[in-house]
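Okay, here's what each chain looks like letter by letter:
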Amino acid sequence: MSRRIAPVLAERSDDPRRAINLTVNGEAVTRDVSTRLLLSDFLRHDLRLTGTHVGCEHGVCGCCTVLIDGHSARSCLTLAVQADGSAIRTIESVAADDGTLHPVQRAFKECHALQCGFCTPGFVMSIVSHFEEAGTLDLSEDGVREMLSGNLCRCTGYQNIVAAVRRAAELMGRGGKG
Amino acid sequence: MKPPLFDYVRAETVDEAVAARAAHEYSAVLAGGQSLLPTLNFRLARPDALIDIGRIKALQGTAIDGDEIVIRAMARQREVEYDEAIFAANPLIRETLGNVAHAVIRNRGTVVGSIAHADASAELPALLLATGGAVIARGPKGERRIEANAFFKFHMTTSLAADEIAVAVCIPRLPPGTGYAFLEFARRHGDYALAGVCALLTMGAGGRVASARLAACGIGSRAVRLVAAEAALNGQKPDAASFAAAAKAARDAVTASDDRQASIAFRKHLLEHIVGRALGMAHGRAGKPFAS
Ligand SMILES: Cc1cc2nc3c(=O)[nH]c(=O)nc-3n(C[C@H](O)[C@H](O)[C@H](O)COP(=O)(O)OP(=O)(O)OC[C@H]3O[C@@H](n4cnc5c(N)ncnc54)[C@H](O)[C@@H]3O)c2cc1C
Ligand code: FES
Ligand code: FES
C-alpha cells in the first residue's frame, strides 16, 4: 500500500460525475454516476441488484464477483465509470426467468454448499465464469481448490463447495481430468 | 470504505495521459485497478486525479519484436498467461503468472501495472529481473528505456518519474533449450509469496552451467537478483552439490525482518529450499523444447 505522504490538498466538496452506458444482465442502462462510485455500489444502490454482496472491499473475499464482458471480476475493485460500454452479468441473471436454477446453483443446493449464503453469489459467479472459459476443467482436488481460491467462505469449510463444483460439472456433462 | 474524491481523466491517447500527468500535482495512473482500488477504498492514497489509461488503443495487447516480447500497459495478466506465442518465446512468463493472485484478479490486473506497483513480494518484478527485461516509460520529454536492474528501488518505489507513464515492458525471448522454473511458497494459492524465485539455466560446453540467472521476491524491500547463488553455479557441473551450494549462498539475500507471516530464519530456510528445487526443475527442462 502507498507509503507516500499525501500532500496538503485543497479541501474539495465537488463530486465529479460522468454519464455511463452499459448493459446489465442484458438490459441497457444509462446513468449519471459519481466518478468514485464502485461498480459494486452502483449495482446494489443505483440498480438495486443486491445479490452482489460486499464484504471486504479490497479484493480478498470474492463475494462481489461479477462477470465483465464474460470474465470474472471484483466489482469492489472496479469503478462504475470503468464499466462504461461493458456487458455486466450478476447473480440475478444466472437462474432462468421461470426460476429454474442454473446447474451450479442446483449443485450448491444438492450438496449443501452454503450455510448463511453470504459468500454464495460470488462463488457461483466465479464458478460459472470458469465453466464458461475453461476448455478442459481440472476437477482434481487441487484443481477445484485453485478454482475456488479467490473466494472465502466462513461457514462451510469448503468440502461441500468442492463437491458442488464436481456435481455441477456432472450435471452439465462437463467431464474433466481428476 | 469508499474512495476519496478525485478528478477522473479518461485518456484516449498516450499523449493525453502524459499531459494529464503533468497537469496534476499528485496523479495516479489507473490500469487494472487491482492494487490501486484497494488503496483508494482504504484511503491509503488520495490522488487528486486518476488517469484511466484503460481505453488507450496504443496500450492494448502484446507483440513479439525480434528477440523481445513487448507487453503493453493494458495487456491483462490473464491474456498474457494464455498467449501461445508468448509461451513459445518465453515459458517462464506463464509459469510465473500462474502464481500471481487468483484468476479473477488476473482477468483485470495488468503485467505492467504489477511491475509499476513494485510490491516487494510480487512475482513479476522478479521475473523482469531474472530475464533481464526493461520498462519503457513515456513522459513530457519523450520515451526512455529503464533496464530492470535500475527500475526497482524499494517496496512500491521505482525509478519511474511522477510525470511518466510506463507504456510497456519488454522481456527477452529465452534461447531454445534454456532451463527455467518459477517456484514460490505462499500460505494459500494466489497469495503474495513469502518467498519466490525465478531460475534460468543455460548449459554450456562440457555439460557445465554457462550462465545461471536467479531472482527472488518476498525476501526483502524489493525483488533482487541472487548474485551469490549465480556465482556459485557458473562454470560448475549441474549436480546436487552445486545446487545445494547455490541454495545455501542464496540465504544471505534475505533482508526482510521478522513479520507476522514469517521469521527471518524461516524465510532463509524457504528461500534455500525453493532455490534448490527450482534449480532441479530448471535443469530437468534444459536442452528440451518448451512444453507445458
Ligand atoms: C486479492 C488480491 C491478491 C493479489 N495477489 C497478488 C499476488 O499474489 N502477487 C502479485 O504480484 N500481485 C497480487 N495482487 C495485485 C495484482 O497483481 C495487481 O493487479 C497488480 O499489482 C497491479 O496491476 P493493475 O493493472 O491492477 O494496476 P493498478 O491497480 O491499476 O495500478 C497499481 C499501481 O501502479 C501504477 N500504475 C499502473 N499502471 C501504470 C503505468 N502503466 N504507468 C505508471 N504507473 C502505473 C498505479 O498508478 C498504481 O499506483 C493481488 C491483488 C488482489 C486484489
Ligand atoms: S467485497 Fe469485493 S472482494 Fe470482498
Ligand atoms: S455460507 Fe456463510 S460465508 Fe459461505
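Reading the values: rules and limits
Residues numbered from 1 in each chain as written. Chains lettered and ligands numbered in written order. Predicted model: local features only at pLDDT ≥ 70, side-chain atom pairs only at ≥ 80, totals over all residues. Heavy atoms only, no water. Domains from an automatic or database assignment. Contact = heavy atoms within 4.5 Å. Buried area = accessible area lost by both parts, 1.4 Å probe. Salt bridge = Lys/Arg side-chain N within 4 Å of Asp/Glu carboxyl O. Polar contact = N/O pair within 3.5 Å; in protein donor to acceptor, adjacent residues only side chain to side chain. Helix = DSSP H or I, 4+ residues; strand = E, 2+ residues; numbered from the N terminus. Core = buried A, V, L, I, M, F, W, Y, C linked by side-chain atoms within 4.5 Å. Buried < 20%, exposed > 50% of the residue type's maximum accessible area, 1.4 Å probe, protein only. 1 Å grid on protein atoms, 1.4 Å probe; cavity = no way out; pocket = protein on both sides within 12 Å on 5 of 7 lines; lining within 4 Å. Points joined across faces, edges and corners; volume = space filled by probe spheres on them. Nonpolar A, V, L, I, M, F, W, Y, C, P; charged D, E, K, R; others polar. Near = heavy atom within 4 Å. Areas by Shrake-Rupley, 256 points an atom, 1.4 Å probe, with all protein chains shown as cover. Pairing = 2+ DSSP bridges. Axes fitted to C-alpha atoms, helices over the stretch in contact; angles between N-to-C directions.

A. Expanded view of the domain arrangement of chain B. All names here are of chain B. Taken as a whole, chain B is organised into domain 1 (1–173) and domain 2 (178–285). For domain 1 and domain 2, the distance between their C-alpha centroids amounts to 25 Å. On the side of domain 2, 25 residues touch domain 1, which itself brings 25 residues to the contact. For the pair domain 1 and domain 2, the two sides together bury roughly 2100 Å², of which 60% comes from carbon and sulfur. For the domain 1 face of the interface with domain 2, the top three residues by lost area are E95, L129 and A130, together amounting to 24%. For the interface between domain 1 and domain 2, the tally reads 1 salt bridge. E95 is the partner of R285 in a salt bridge, and the nearest nitrogen-oxygen pair spans 2.8 Å. Between the two partners, domain 1 and domain 2, sit 7 residue pairs in polar contact (both at pLDDT 80 or more). Looking at the side of domain 1 that touches domain 2, the elements that each hand over two or more residues are α5 (92–97), α8 (123–131) and β8 (152–154). For the side of domain 1 that touches domain 2, the element with the most residues is α8, which contributes 7 residues.

B. The arrangement of the nonpolar core in detail. I53(B) and I115(B) are the most contacted members of the largest nonpolar core, which totals 60 residues. With 7 residues, strand β10 (residues 165–172) of chain B is the single largest residue contributor to this core. Three or more residues apiece are contributed to this core by two domains, here domain 1 (1–173) and domain 2 (178–285) of chain B. Setting aside chain neighbours within four positions, we find I53(B) in contact with A17(B), V29(B), L30(B), A31(B), L59(B), A73(B) and M74(B). The next biggest cluster of nonpolar side chains, apart from the first, holds 33 residues, and it includes L37(A), A73(A), A80(A) and Y8(B).

C. The pattern of salt bridges, seen in detail. Residue and element names in this part refer to chain B. Overall, the coordinates contain 24 salt bridges over all chains when judged by the stated rule. Of the charged contacts, one joins R145 and E147 as a salt bridge, the two residues approaching to 2.9 Å between their closest N and O atoms. Using a relative accessible area of 40% as the deciding quantity, one classes R145 as partly exposed. You can call E147 partly exposed: its relative accessible area is 35%. Residue R188 is joined to D191 by a salt bridge in which the shortest nitrogen-to-oxygen separation is 3.1 Å. When its relative accessible area of 23% is taken as the criterion, D191 is described as partly exposed.

D. Representation of the layout of surface pockets. Considering only enclosed or pocket space, the second largest pocket measures out at about 990 Å³ in volume. D138(A), E146(A), E81(B), Y82(B) and R106(B) are the residues nearest the centre of the second largest pocket, which is lined by 34 residues in total. Of all the secondary structure elements, the ones that give two or more residues to the lining of the second largest pocket are α3 (120–133), β6 (137–138) and α4 (141–147) of chain A together with α3 (77–82), α5, α6 (103–106) and β11 (179–185) of chain B. Taken together, the residues of the lining of the second largest pocket break down into 10 nonpolar, 14 polar and 10 charged.

E. Looking closely at the site of ligand 1. All names here are of chain B. As a structural note, the neighbourhood of ligand 1 is formed by 34 residues, with V29, Q34, L36, T110 and E123 the closest of them. Between ligand 1 and Q34, the relevant distance is 2.7 Å, taken from an oxygen atom to a main-chain nitrogen or oxygen of the residue. One of the side-chain N or O atoms of Q77 is found 3.4 Å from an oxygen atom in ligand 1. Relative to its unbound accessible surface of 970 Å², ligand 1 loses 92% to contact with the protein. Mapped onto the shell around ligand 1, the elements with two or more residues apiece are β2 (27–30), α7 (111–117) and β10. Counting residues per element, the shell around ligand 1 draws most heavily on α7, at 5 residues. Split into classes, the residues belonging to the shell around ligand 1 amount to 18 nonpolar, 14 polar and 2 charged.

F. Up close: the sheet that holds strand β1 (residues 7–10) of chain B. Residues and elements named next belong to chain B. The 3 strands are arranged β1-β3-β2 in an open sheet whose pairing can be described as parallel. The open sheet is flanked by β1 and β2, the only strands paired with a single partner. Between one strand axis and the next, the sheet turns through 20° on average, direction left out of account. By the bridge criterion, 4 bridges tie β2 to strand β3 (residues 49–52) in an arrangement that is parallel. In the sheet register, V29 faces β3, and the bridge partner there is I51.

G. Expanded view of the pairing of strand β6 (residues 134–139) of chain B. All names here are of chain B. Of all 6 residues in β6, 5 are buried; the element is thus mostly enclosed. One ladder, built from 6 bridges, connects β6 with strand β7 (residues 142–147); its direction is antiparallel. Note that in β7 the partner of V135 across the bridge is I146. The turn linking β6 back onto β7 is made up of 2 residues.

H. Highlighting empty space enclosed by the protein. Residues and elements named next belong to chain A. This structure, assessed with the given rule, holds 1 cavity of 30 Å³ or more. Taken as a whole, the largest cavity encloses approximately 30 Å³ of empty space. V54, G55, C56, E57, G59, V60, C61, G62, C64, R74 and C76 are the residues that line the largest cavity. Partitioning the lining of the largest cavity into residue classes produces 6 nonpolar, 3 polar and 2 charged.

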